[in-house]
Amino acid sequence: MKRVFNPPSVRQPFGAYNHGMLVEAGASLLVTSGQLGVTPDDVIPHDVSAQAELCFKAIGAVLDEAGMTYADVIRICGFVTKREDFPAYMAVRDRFTLDPKPVSTLLVVGGFTRAEFLVEVEVTAAKVF
């Protein structure tokens, strides 16, 4: 069971996410490493949308292997290298996330391990079995 929190005393979310989410006791918790926009054969697309798509597909594969889906995601942390990439990243994020929308953090960072990476995404998921 998940409950979301968007108190009236706090500005409503800027996008498709919630300020807080409570997962009841008895859930299994999965935490992923940050996933980068790179294919298994080391191809890195040049635009943030294509890289974000790869990030979320990789996360989907990890979720699947753990017996979970995007319905179980409770938190997303996204990192982009350019502020102007926010809308493109958020459009991809919003396609993958389901209701109730997870909590979300999005940061602009100075870069990643390789200069061609534009975005990195990590999630936390919880599922009651």
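Residues numbered from 1 in each chain as written. Predicted model: local features only at pLDDT ≥ 70, side-chain atom pairs only at ≥ 80, totals over all residues. Heavy atoms only, no water.

Trainee: Please clarify how the packing of aromatic side chains should be interpreted in this entry.
Mentor: Each aromatic ring pair is specified by the distance between its two centres and by the angle formed by the two planes. A complete count under the given rule lists 4 aromatic pairs for this structure. Considering the side-chain rings of Phe56 and Tyr70, the 6.2 Å spacing of their centres and the 45° angle between planes classify their relative orientation as tilted. In this pair, Phe56 sits in helix α1 (residues 48-65) while Tyr70 sits in the loop between α1 and β5 (73-80), placing the two residues 14 residues apart along the sequence. For Phe56, a relative accessible area of 0% gives the class buried. Judged by its relative accessible area of 12%, Tyr70 falls in the buried class. An aromatic cluster is built from Phe56, Tyr70, Tyr89 and Phe96, whose rings are joined through pairwise contacts. For the cation-ring pair, Arg11 lies above Phe14, with the distance from its terminal atom to the ring centre recorded as 3.9 Å. (Phe/Tyr/Trp six-rings, centres within 6.5 Å; stacked < 30°, edge-to-face > 60°. Helix = DSSP H or I, 4+ residues; strand = E, 2+ residues; numbered from the N terminus. Buried < 20%, exposed > 50% of the residue type's maximum accessible area, 1.4 Å probe, protein only. Lys NZ or Arg CZ within 6 Å of the ring centre and 35° of its normal.)

Trainee: Even after reading the chapter, I still don't get the nonpolar core, so can you show me in this structure?
Mentor: In globular proteins that are soluble, nonpolar side chains generally tend to be buried together. Ranked by internal contacts, the top residues of the largest apolar core, which has 21 residues, are Phe56, Leu63, Tyr89, Val119 and Val121. Going through the elements one at a time, α1, β5, α2 (86-96) and β7 (119-128) are the ones with two or more residues in this core. The element contributing the most residues to this core is α1, with 6 residues. Non-local contacts of Val119, meaning those with residues more than four positions away in its chain, are made with Gln35, Leu36, Gly37, Val48, Gln51, Ala52, Cys55, Phe79, Val80, Tyr89 and Phe112. In terms of nonpolar packing, the next biggest core, distinct from the first, is built from 6 residues, Leu36, Ile44, Cys77 and Phe112 among them. (Core = buried A, V, L, I, M, F, W, Y, C linked by side-chain atoms within 4.5 Å. Contact = heavy atoms within 4.5 Å.)

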